[in-house]
Amino acid sequence: MICMTSSISHVELPHSISLLEQMASKSIEKGPFTYVHSGAGNESTLRANEAAFEDWYIVPQYLNDVSFRDTSATLLGTTFPSSFALAPIGVQSIFHPEGELASARAAAACGVPFIASTLSSYPLEDIAANLGNTPRWYQLYWSNDEEMAISMVRRAEKAGYSAIVITIDTSLLGNRERDLNNRYSPLKLGKGAANYLHDPVFQGRFASPPSADDPEVIKNIVDIIFNPSLTWENLKTIKEHTKLPILLKGILHEEDARKALHHGVDGIIVSNHGGRQLDGCISSLEALPSIAEIVQGKIPVLLDSGIRRGSDVVKAKALGADVVLLGRPFIYGLAVAGEQGVEHVLRNMINDIDVTLALSGFASMKEVNSSLIRRKK
Ligand code: FNR
């Protein structure tokens, strides 16, 4: 892998995500770049995610005093500087050797909440150690091996993660044609194995410490990551094992929003996994308004998939999202310039949200509502 980390300064990093994406395509090899960049199937959902934001205009109102602005967000009792957190993204060492440790440090520098993936390249404890006091949540792929799932939740609690995000759209891995054509699978390469290899329950199953270099160990992990038999009933089990708030990531249908409320979850994330799972499914932004209508502010509603700039965040907020998650853009920063690249992306996003808010005529993100936007005819 080619890494240009130390030679790139903030000054040289571009301010648009599309340029950063181009740089990333030259900074890392084809396999990892395609892995982050592509989607499932013919990528219609991937395209729809970004396009959906263009279906809406912001209609600003002026001559409001916007000299002091409050862009902060409060979620699950925690306040942070801007209305976004980092989406859980696994296998980050394929983009930069320091992987999640670099992105965690950048999140900490900006106070942006971090969601650590089950499939991280570094153990969740090491990621936590790089986050300082920054809010952190743990994303759980509820393993078909329940003992493993529960052990990971325990470790996340111990390491100071304050919520569990259960991803529900990954009963199986999506059909990612480009990755299949490239014969590239970071999971089979053991790049997302760290949380398993460091798990006492997992370790207890081997005579000697399990290693990412052992194909049998990696096969064992790949076989237990996902759980196609998971149902709403399983939520009861996790609730018996943790007092942490539980968010469900991957809600797209109004009925699932209703069920989430019925089952007492603490938050939902409207997401299609960045178009990486079910191709042809609805874009997150399109799914948002009717879900927000059902939830009626009873629990937080988050959104990801397609967030690229400040105006996207403001539009999502106007359509009912409390907070959004930033996905691919920070990985492009990581690929190009490690921690510094991620920090660059986060600071640009914080600034872009602030400018968009002011130019929309609002002094506080909390006041943004549907009067701010209009659907294109
Ligand atoms: C992801 N995503 C993801 N989601 C999750 O719940 N657990 C995970 O381990 C991962 N891993 C992952 C790897 C890569 C390379 C990508 C691009 C995405 C999905 C992620 O959390 C988020 O839903 C999407 O990235 C949002 O779409 P955009 O904004 O990146 O297009």
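Residues numbered from 1 in each chain as written. Predicted model: local features only at pLDDT ≥ 70, side-chain atom pairs only at ≥ 80, totals over all residues. Heavy atoms only, no water.

By the naming in an unreviewed UniProt entry, the protein is L-lactate oxidase, taken from Psychrobacillus faecigallinarum. The UniProt entry for the protein carries the following comment under Catalytic activity (unreviewed entry): "(S)-lactate + O2 = pyruvate + H2O2". As its UniProt record puts it under Sequence similarities (unreviewed entry), the protein is described as follows: "Belongs to the FMN-dependent alpha-hydroxy acid dehydrogenase family." (UniProt positions renumbered as here; feature names shortened; annotations may be inferred.)

By nearness alone, 22 residues border the ligand, and Pro88, Ser117, Thr167, Arg308 and Arg328 come closest of all. Note that an oxygen atom of the ligand is positioned 2.7 Å from one of the side-chain N or O atoms of Ser117. One nitrogen or oxygen atom from the side chain of Arg328 is found 2.6 Å from an oxygen atom belonging to the ligand. About the coverage of the ligand: the protein hides 98% of its 610 Å² of free accessible area. Judged by the fraction of its atoms near the pocket grid, the ligand is located in the largest cavity. Here the residues of the shell around the ligand are counted per class, giving 7 nonpolar, 10 polar and 5 charged. (Near = heavy atom within 4 Å. Polar contact = N/O pair within 3.5 Å; in protein donor to acceptor, adjacent residues only side chain to side chain. Areas by Shrake-Rupley, 256 points an atom, 1.4 Å probe, with all protein chains shown as cover. 1 Å grid on protein atoms, 1.4 Å probe; cavity = no way out; pocket = protein on both sides within 12 Å on 5 of 7 lines; lining within 4 Å. Sits in = over half its atoms within 2 Å of the grid points. Nonpolar A, V, L, I, M, F, W, Y, C, P; charged D, E, K, R; others polar.)

Once that is clear, we can look at the confidence of the model for the protein. Per-residue pLDDT for the protein has a mean of 96; in total, 97% of the residues score no lower than 70. Counting contacts from residues 1-7, a segment whose pLDDT is below 50, to residues more than four positions away or on other chains yields 20 contacts. Here the prediction assigns the complex a pTM of 0.96, and the interface score ipTM is 1.00. (pLDDT = per-residue confidence, 0-100. Contact = heavy atoms within 4.5 Å.)

Think of a ball as big as a water molecule: rolled over the atoms, this probe shows where empty space is left. The final tally for this structure, using the stated rule, is 2 cavities of 30 Å³ or more. Estimated volume of the largest cavity: approximately 440 Å³. Pro88, Ile89, Gly90, His273 and Arg276 are, among the 30 residues lining the largest cavity, the residues nearest its centre. The residue inventory of the lining of the largest cavity, partitioned by class, reads 14 nonpolar, 10 polar and 6 charged. Quantified by volume, the second largest cavity comes out at close to 40 Å³. As for the second largest cavity, its lining consists of Leu119, Leu187, Gly190, Gly192, Ala193, Ile218, Ile221, Val222 and Ile225. Residues belonging to the lining of the second largest cavity are distributed by class as follows: 7 nonpolar, 2 polar and no charged. (Points joined across faces, edges and corners; volume = space filled by probe spheres on them.)

Looking now at the pairing of strand S9 (residues 267-270). Side-chain alternation along S9 places Gly267 and Ile269 on one buried face and Ile268 and Val270 on a second face that is also buried. Inspection of the sheet shows strand S8 (residues 246-251) paired to S9 by 4 bridges, in the parallel sense. The residue bridging Leu247 from the neighbouring strand is Gly267, located in S9. Each parallel crossover has a hand, and the one from S8 via helix H12 (residues 254-262) to S9 is right-handed. (Buried < 20%, exposed > 50% of the residue type's maximum accessible area, 1.4 Å probe, protein only. Helix = DSSP H or I, 4+ residues; strand = E, 2+ residues; numbered from the N terminus. Pairing = 2+ DSSP bridges. Right-handed = clockwise from strand over helix to strand, strands pointing away.)

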